[in-house]
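What the coordinates show
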Amino acid sequence: MAFSGFHGNEDVVNRIREMLARYRFPHAVILSGPAGSGKYTLATMIARAMNCLFPPEGLPDFCGKCSNCVRIGELEDLDARCAEANEAREGLKEADKKETRLFIQAHPDVLVIPPDPPQMMIKVDQVRRVIESIYFRPAEGRERVFIFTDSAFMKEAANSLLKVLEEPPEFATIFLLAENPGELLPTIRSRSMVLALHSLSLPEIEQYLARHRPEWKPQQRALVARLSEGAVGRARTFDLEAYSAAREHALTVLRTALRTNEHTDLFKITETYRAGAEGREKIEWLLRCLYSLLQDLLFLESKSADLVRNTDLRAELERLSQAADFEWLTLAAERLGEVERGLRRNLLRSLSLDAFEAALEKG
Ligand SMILES: [Zn+2]
């Protein structure tokens, strides 16, 4: 593991390494970019490069094996670490729970500050903890690193952060990760350097998947690249199996609604949808697939075939589009939205696929 393991945005990564080489790395950096573009991964990589005990020769990098690299590397799975921290807090007594804010720490010099539930915002007590520790020299590394994983700050928290940014110590770096840096106070932005990561192109994501998902067929990689909209993180963790199953069901719903096959096929799969959390997730996937297929049919209908995302279903989509016209597609998307809203108001009710089919049925 090294900077070479970071996919895309080479210009930004090179600039970072050059700044590290010249000891000109800014004390406050806003890493901006769409969800899944690698903001957090890159921040933890920089933290490792700053603190690696046996850095490789050449431009600054990290070995991935020393005790500093290993511990900072444990932070990489942000979702898992957040879930653990949350669980630990849930285990506290009610009174302590209110006082305890969310932090993630695997190395004494690197602190990750995620948005605090239930509001999912950075709170003033979290910034206070940063202020309390930032002026102490690093314990086991060379640089103290603080990573705020979200740009949603409560007002008081933002004002406290501003005070730290006015005079940060020599040996500390603060990262602010932001999908939209405009959410941060202008005074915070003006005291930070903004490094912008962009989404990756389709071929870049397919290339990445060829390396990380060799078990997928090229056609599947092309599909996932299109579905993850330039976000490399989303592409890597894409649940292709769940998606494929849901899409098969969505196709059955559409075929039935357009009367290109028998109602009994729909009946068979309806029984596999149950109430409760698991059923919810399945329904979410199904909805996503229904929308995606309807949109592809619209693309075909409006002669924009190059925009079709479910490219591997091309022949089937062509067949379905014979039975669907523009008017039906628009109406179907609207009715689907109504069923979806009804479902959200009534979360616990189990839902039969027939409701979707009925909504889409051709009059
Ligand atoms: Zn190392």
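Preceding this section is the structure that the text describes.
Notes on the structure follow. (Residues numbered from 1 in each chain as written. Predicted model: local features only at pLDDT ≥ 70, side-chain atom pairs only at ≥ 80, totals over all residues. Heavy atoms only, no water.)

**Focus on the coordination of the zinc ion**
Tetrahedral coordination by four donors places them ideally at 109.5 degrees to one another around the metal; octahedral coordination by six donors ideally gives 90 or 180 degrees. Within the first shell, the zinc ion binds the protein through Cys-52 (SG), Cys-63 (SG), Cys-66 (SG) and Cys-69 (SG), at distances of 2.2 to 2.4 Å. What makes Cys-63 buried here is its relative accessible area of 18%. (Donors = N, O, S within 2.8 Å, 3.2 Å for Na, K, Ca; no water. Buried < 20%, exposed > 50% of the residue type's maximum accessible area, 1.4 Å probe, protein only.)

**Quick notes on the sheet that holds strand S3 (residues 110–113)**
Reading across from one edge, S2-S3-S4-S5-S1-S6 is the order of the six strands in this open sheet, with mixed pairing throughout. Of all strands in the sheet, those with a lone pairing partner are strand S2 (104–107) and strand S6 (193–196), marking the two edges. This sheet shows a mean twist of 20° between the axes of neighbouring strands, independent of strand direction. Here strand S4 (residues 144–148) pairs with strand S5 (residues 172–178) via five bridges, running parallel. From the neighbouring strand, Phe-148 faces S5, where its bridge partner is Leu-176. (Pairing = 2+ DSSP bridges. Helix = DSSP H or I, 4+ residues; strand = E, 2+ residues; numbered from the N terminus. Axes fitted to C-alpha atoms, helices over the stretch in contact; angles between N-to-C directions.)

**Description of the environment of Ala-88**
Within the secondary structure layout, Ala-88 lies in helix H4 (residues 78–90). In this structure the C-alpha to C-alpha distance between Ala-88 and Leu-102, which are 14 residues apart in sequence, comes to 9.6 Å.

**A look at helix H9 (residues 202–212)**
Along H9, the residues that are buried comprise Ile-205, Tyr-208 and Leu-209. The buried residues of H9 occupy an angular sector of 100° when the element is viewed end-on, so they sit on one face. Pointing more than 90 degrees away from the buried face of H9 are the exposed residues Pro-203, Gln-207 and Arg-211. The elements touched by buried residues of H9 are helix H10 (218–227) and helix H11 (232–236). (Arc of directions from axis to C-beta. Contact = heavy atoms within 4.5 Å.)

**Section: the pairing of strand S1 (residues 28–32)**
With five of five residues buried, S1 lies mostly within the body of the structure. Bridge count for S1 against S5 is five bridges, and the pairing is parallel. Paired with Ala-28 across the bridge in S5 is Ile-174. Alignment of S1 against S6, held across four bridges, turns out to be parallel. Along S6, the bridge assignment pairs Val-29 with Met-193.

**Examining H4**
Compared with the 18 Å implied by 1.5 Å per residue over 13 residues, the 18 Å span of H4 between its first and last C-alpha is a close match. Taken residue by residue, H4 has Leu-78, Cys-82, Ala-85 and Arg-89 as its buried positions. Taken around the axis of H4, the buried residues stretch over an arc of 65°, which confines them to a single face. Exposed residues pointing more than 90 degrees away from the buried face of H4 are listed as Asp-79, Glu-87 and Ala-88. Each element contacted by the buried residues of H4 is listed here: helix H2 (39–51), helix H5 (94–99), S2 and S3. (Expected span 1.5 Å × (residues − 1).)

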